[in-house]
Amino acid sequence: MSAINEKDILIFVEAVSNFFFQITQEKVEIKTAYLLEDDVPSATFDLTSYITLSGGFTGRIYFSAPHSMLTHLLLVMGEQNRSDERLLDAAGEIANTISGNARKHFGETMEISVPTSQTTKSNWLKTVVSPRSYVILVKWKHYRASVVVDIQRAEQK
Amino acid sequence: MKLLIVDDSALIRSRIARILCDKRMNDVQLLGMARNGKEAITLFTEHEPELVTMDITMPEMDGVECTEKMIEINPDCNILVVSALSDKATALKALKKGARGFLYKPFSDEDLITAFLELTSP
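Reading the values: rules and limits
Residues numbered from 1 in each chain as written. Chains lettered and ligands numbered in written order. Predicted model: local features only at pLDDT ≥ 70, side-chain atom pairs only at ≥ 80, totals over all residues. Heavy atoms only, no water. Helix = DSSP H or I, 4+ residues; strand = E, 2+ residues; numbered from the N terminus. Rg over C-alpha atoms; globule rule 2.2 N^0.38 Å. Buried < 20%, exposed > 50% of the residue type's maximum accessible area, 1.4 Å probe, protein only. Contact = heavy atoms within 4.5 Å. Areas by Shrake-Rupley, 256 points an atom, 1.4 Å probe, with all protein chains shown as cover. Lys, Arg positive; Asp, Glu negative; His and termini not counted. Charge placed at Lys NZ, Arg CZ, Asp CG, Glu CD. Buried area = accessible area lost by both parts, 1.4 Å probe. Salt bridge = Lys/Arg side-chain N within 4 Å of Asp/Glu carboxyl O. Nonpolar A, V, L, I, M, F, W, Y, C, P; charged D, E, K, R; others polar. pLDDT = per-residue confidence, 0-100. Axes fitted to C-alpha atoms, helices over the stretch in contact; angles between N-to-C directions. Parallel < 35°, antiparallel > 145°, perpendicular 65-115°, else oblique. Phe/Tyr/Trp six-rings, centres within 6.5 Å; stacked < 30°, edge-to-face > 60°. Lys NZ or Arg CZ within 6 Å of the ring centre and 35° of its normal. Left-handed = near helix turned anticlockwise from the far one by under 90°. Polar contact = N/O pair within 3.5 Å; in protein donor to acceptor, adjacent residues only side chain to side chain. Disulfide = S-S within 2.5 Å.

Per the secondary structure count, chain A includes four helices and eight strands. At 15 Å, chain A has a C-alpha radius of gyration in line with the 15 Å of a compact globule built from 157 residues. With the C-alpha coordinates aligned to their principal axes, the bounding extent of chain A is approximately 50 × 35 × 25 Å. Expressed as a percentage of its 157 residues, the buried residues of chain A come to 49%. Taking as baseline every contact in chain A between residues at least 6 positions apart, the subset at least 24 positions apart corresponds to 70%. With an accessible surface of roughly 7500 Å², chain A has 49% of that area assigned to carbon and sulfur atoms. Here chain A holds 16 positive side-chain charges and 18 negative ones, and the gap between their average locations is 3 Å.

Take the interface of chain B and chain A next. With 24 residues of chain B at the interface, the matching set in chain A holds 23 residues. Area buried by chain B at its contact with chain A is led by Leu11(B), Ser86(B) and Pro106(B), which between them contribute 31% of it. Linking chain B with chain A are four salt bridges, by the criterion used here. Taking the shortest distance from any N to any O, the salt bridge between Lys93(B) and Glu108(A) comes out at 3.5 Å. Within the residue set of the side of chain B that touches chain A, elements represented by two or more residues are α1 (10–20) and α4 (88–96) of chain B. Residue contributions to the side of chain B that touches chain A peak at six residues, all from α1(B). Among the residues making up the side of chain B that touches chain A, the classes are represented as ten nonpolar, six polar and eight charged.

Enumeration according to the criterion identifies 14 salt bridges over all chains in this entry. Of the charged contacts, one joins Lys105(B) and Glu93(A) as a salt bridge, the two residues approaching to 3.1 Å between their closest N and O atoms. In this pair, Lys105(B) sits in the loop between β5 (101–104) and α5 (109–120) while Glu93(A) sits in helix α3 (residues 84–106), so the two residues belong to two different chains.

Looking at chain A as a whole, the pLDDT averages 92, with 97% of positions reaching at least 70. The secondary structure element of chain A with the lowest average pLDDT is strand β1 (residues 2–3) of chain A, at 77, and the one with the highest is strand β6 (residues 116–119) of chain A, at 98.

This part takes up the packing of α3(A) against α1(B). Taken N-terminus to C-terminus, the directions of α3(A) and α1(B) make an angle of 90 degrees; their axes are 8 Å apart at the nearest point. The angle between α3(A) and α1(B) falls in the class roughly perpendicular. Where α3(A) abuts α1(B), its residues Arg86(A), Asp89(A), Ala90(A) and Glu93(A) lie against Ala10(B), Leu11(B), Ile12(B) and Ser14(B). Its residues assigned to classes, the contact of α3(A) with α1(B) shows four nonpolar, one polar and three charged.

Time to look at the packing of aromatic side chains. Applying the stated criterion to the full structure yields eight aromatic pairs over all chains. On the numbers, 5.0 Å between centres and 55 degrees between planes, the contact of Phe102(B) with Tyr104(B) is tilted. Among the aromatic side chains, those forming a connected cluster through ring pairs are Phe19(A), Phe20(A), Trp140(A) and Tyr143(A). The ring centre of Tyr50(A) lies 4.0 Å from the NZ or CZ of Arg60(A), which sits over that ring.

Here we take up the packing of α1(B) against α5(B). Residues and elements named next belong to chain B. At their nearest, the axes of α1 and α5 sit 10 Å apart, and the two run at 65 degrees to each other. One element, α1, and the other, α5, form an angle in the roughly perpendicular class. As for how α1 packs across α5, the hand of that crossing is right-handed. In this structure, α1 contributes Arg15, Ile16, Ile19 and Leu20 to the contact, and α5 contributes Asp109, Leu112, Ile113 and Phe116.

Let us look at the environment of Thr45(B). All names here are of chain B. Among the structural elements, Thr45 can be located in helix α2 (residues 37–47). Through-space distance from the C-alpha of Thr45 to that of Met70 is 8.5 Å; in sequence the pair is 25 residues apart. Within the local environment of Thr45, its side chain forms a polar contact with the backbone oxygen of Ile41, the two atoms lying 2.7 Å apart.

It is worth spelling out the state of the cysteines at this point. Residues and elements named next belong to chain B. Tallying each qualifying case throughout the model produces zero disulfides over all chains. Free of any disulfide, Cys66 has its nearest cysteine sulfur in Cys77, 9.9 Å distant. Given the relative accessible area of 0%, Cys66 is considered buried.

Attention shifts here to the environment of Ala34(B). Residue and element names in this part refer to chain B. If you trace the backbone, Ala34 turns up in strand β2 (residues 29–34). On the accessibility criterion, Ala34 (0% relative accessible area) is buried. Residues contacting Ala34, with those up to four places away along its chain left out, are Ile5, Val6, Asp7, Arg13, Glu39, Ala40 and Leu43.

What follows is the structure, given as structure tokens:
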């Protein structure tokens, strides 16, 4: 296994920024850090979705956001149905889009799963990720969300 | 024009339907929506759509395999892949199987309408 580096993380930063800009036409504020090593506030919000990697990579990419942010995003997208189920679906679609867009840099050997989405309690992410996971903290309007990148390159055979 | 939407996200299915079935797009008739490739093949066989929007990463059967099967059934069908997988290899694979266009997620309303018009203009 080999760790990804800070240059690789910029790919995810770009994907997150692009997602929000494309959907809202607004720029987001972004900060990156190590989730467990730096003094990071809780990166876990009400709803979290993750993509599991296989092929040339292992690990997961998480997107976590509060109900209120996802509800506002659905409103911006013109979506009438803003049920909990649809909010989970939105979190999954964001995780999927960010992960899929990253393949432009990492290539098709980064195989991605369909998203798994769930409600989550404070600090959940810190209990499931590996020590050197990166967190991308996103601020859109007054809402905060996070993308946690916990991935490694698999050994080449 | 008869449309089938294939995507495992209800949000995306709903969004594509809203954009393409808007009053301004007066020629588009939504035949159905499928959550995966298997459901899509059933609807495709029953309703014979002229245009399909196709996600790639889906449970049961992915969009590349689904595209191949649809083209076997109806080689004239217009399949527009709408996917977040932004590596060139995936786009080429889908086009090789018979898709006629590729639109990357995230997309704006205008992006989708432009891709639709490019695909369906004579």
